[in-house]
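Next come the chains, spelled out residue by residue.
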Amino acid sequence: RYLRTFNVPSRSSHVNCDEAETVKKKFPVTACFIDEGLRRLRVVEANIDRANANKSIDLWRGLNGVRSSDSFVMQGGTEFGVLSTTRSVEVALTYSLGHGDAAADEAMILKLRTDSFLQRGASLGFLSAFPAEDEWCYPPLTFLMPTGLRHKICAPSGTCFDVIEVVPILAA
């Protein structure tokens, strides 16, 4: 239930002070439930699909309004919230351009290289409100370690995508 609630907008972005204090107190518990649920789903999926558990899969994350920093490219970084990715590079490209925004000149894409289920998040396609996006989510505090591979792709529209390859490392 928590994972499905996370998957779609469930309330207005305007929160009054009393609600904000309640949300502030409940968020760590909700984050723990989401973390535990994603970790359990990863194991279930690996047990169900043992033939593909150790296959390499590339996942993608499109970031809107974000530019890569030198420190991230050299040292990596930790995602404090749930990290949503997709197997579809087209979906990631769409997210990196934003929704309804004016055409961006630059956008950033993360390519998450995974060699086994131990490096992957949980596939949420079976409970997603958007199953065509083939969403894979990682628990909070996932570290993204750059591999050193980076390149730019420029679309005919003039938008250039900064593609950075990373390896996800899940927190213990």
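Residues numbered from 1 in each chain as written. Predicted model: local features only at pLDDT ≥ 70, side-chain atom pairs only at ≥ 80, totals over all residues. Heavy atoms only, no water.

Engineer: Lay out the overall build of the chain with the relevant residues and their values.
Structural biologist: Across its full length, the chain carries 4 helices and 8 strands. Helices (α) and strands (β) of the chain occur, in sequence order from the N terminus, as α-α-β-α-β-β-α-β-β-β-β-β. Burial statistics for the chain: of 172 residues in total, 37% are counted as buried. Residue pairs at least 24 apart in sequence account for 80% of intrachain contacts in the chain once pairs closer than 6 positions are excluded. Of the roughly 10500 Å² of accessible surface on the chain, a fraction of 58% belongs to carbon and sulfur atoms. (Helix = DSSP H or I, 4+ residues; strand = E, 2+ residues; numbered from the N terminus. Buried < 20%, exposed > 50% of the residue type's maximum accessible area, 1.4 Å probe, protein only. Contact = heavy atoms within 4.5 Å. Areas by Shrake-Rupley, 256 points an atom, 1.4 Å probe, with all protein chains shown as cover.)

Engineer: How would you sum up the environment of Arg42? Please name residues and give values.
Structural biologist: Within the fold, Arg42 resides in helix H2 (residues 17-48). Taking the relative accessible area as the measure of exposure, Arg42 reaches 11% and is therefore buried. Here the alpha-carbon distance between Arg42 and Gln119, two residues 77 residues apart in the chain, equals 9.7 Å. Sequence-distant contacts of Arg42, that is, excluding residues within four places in its chain, are made with Phe117, Leu118, Gln119, Arg120, Gly121, Ala122 and Leu170.

Engineer: How would you summarise the confidence of the model for the chain if you had to cite specific residues and measurements?
Structural biologist: Residues of the chain with pLDDT of at least 70 account for 80%, and the chain-wide mean is 81. Contacts for the low-pLDDT stretch residues 1-23, under 50 throughout, to residues beyond four places or in other chains number 21 contacts. (pLDDT = per-residue confidence, 0-100.)

Engineer: Got a sec to walk through the nonpolar core? Specific residues and values, please.
Structural biologist: Judged by nonpolar contacts, the single largest core of 14 residues is most densely connected at Leu110, Leu112, Leu144 and Val166. Going through the elements one at a time, strand S1 (57-63), strand S4 (106-114), strand S6 (135-138) and strand S8 (160-169) are the ones with two or more residues in this core. Filtering out sequence-adjacent residues up to four positions away, Val166 remains in contact with Phe72, Leu110, Lys111, Leu112, Arg113, Leu144, Met145, Pro146 and Thr147. (Core = buried A, V, L, I, M, F, W, Y, C linked by side-chain atoms within 4.5 Å.)

Engineer: Just give me the short version of the state of the cysteines, but keep the residues and values in it.
Structural biologist: Tallied over the entire structure, the rule returns 1 disulfide. Note on cysteine connectivity: Cys154 is disulfide-linked to Cys160, with sulfurs 2.1 Å apart. On the sign convention where negative means left-handed, the S-S torsion of about 100° between Cys154 and Cys160 marks this disulfide as right-handed. (Disulfide = S-S within 2.5 Å.)

Engineer: Summarise the pattern of salt bridges; cite the residues concerned and give the values.
Structural biologist: Counted under the stated rule, the structure contains 6 salt bridges. Among the salt bridges present, the one from Arg39 reaches Asp35, with a minimum N-O distance of 2.9 Å. With Arg39 and Asp35 both in helix H2 and 4 residues apart, the pair spans about one turn of that helix. For Arg39, a relative accessible area of 22% gives the class partly exposed. The exposure class assigned to Asp35 is buried, which follows from its relative accessible area of 19%. For Arg113, the salt bridge identified is with Glu165, shortest N-O distance 3.2 Å. With a gap of 52 residues between them, Arg113 in strand S4 and Glu165 in strand S8 connect regions that are remote in the sequence. (Salt bridge = Lys/Arg side-chain N within 4 Å of Asp/Glu carboxyl O.)

Engineer: So what about the environment of Leu144? Which residues, and what values?
Structural biologist: Here Leu144 shows up in strand S7 (residues 142-154). As for Leu144 and Gly76, which are separated by 68 residues in sequence, their C-alpha atoms are 5.4 Å apart. Sequence-distant contacts of Leu144, defined by excluding residues within four places in its chain, comprise Phe72, Gly76, Gly77, Leu83, Leu110, Leu112, Val166, Val167 and Pro168.

Engineer: Please set out the side chain of Asp162 residue by residue, giving values where relevant.
Structural biologist: By secondary structure assignment, the location of Asp162 is in strand S8. On the basis of relative accessible area, Asp162 is assigned to the buried category, the value being 5%. At 2.8 Å, the side chain of Asp162 and the side chain of Ser68 are in polar contact. (Polar contact = N/O pair within 3.5 Å; in protein donor to acceptor, adjacent residues only side chain to side chain.)

Engineer: So what about unusual backbone geometry? Which residues, and what values?
Structural biologist: At Asp134, a residue that is not glycine, the phi angle is positive and equals roughly 50°. With respect to the helices and strands, Asp134 occurs in the loop between strand S5 (122-123) and S6. For Asp134, a relative accessible area of 27% corresponds to the partly exposed category. Residues other than glycine seldom take positive phi values, yet Leu141 does so here, at roughly 70°.

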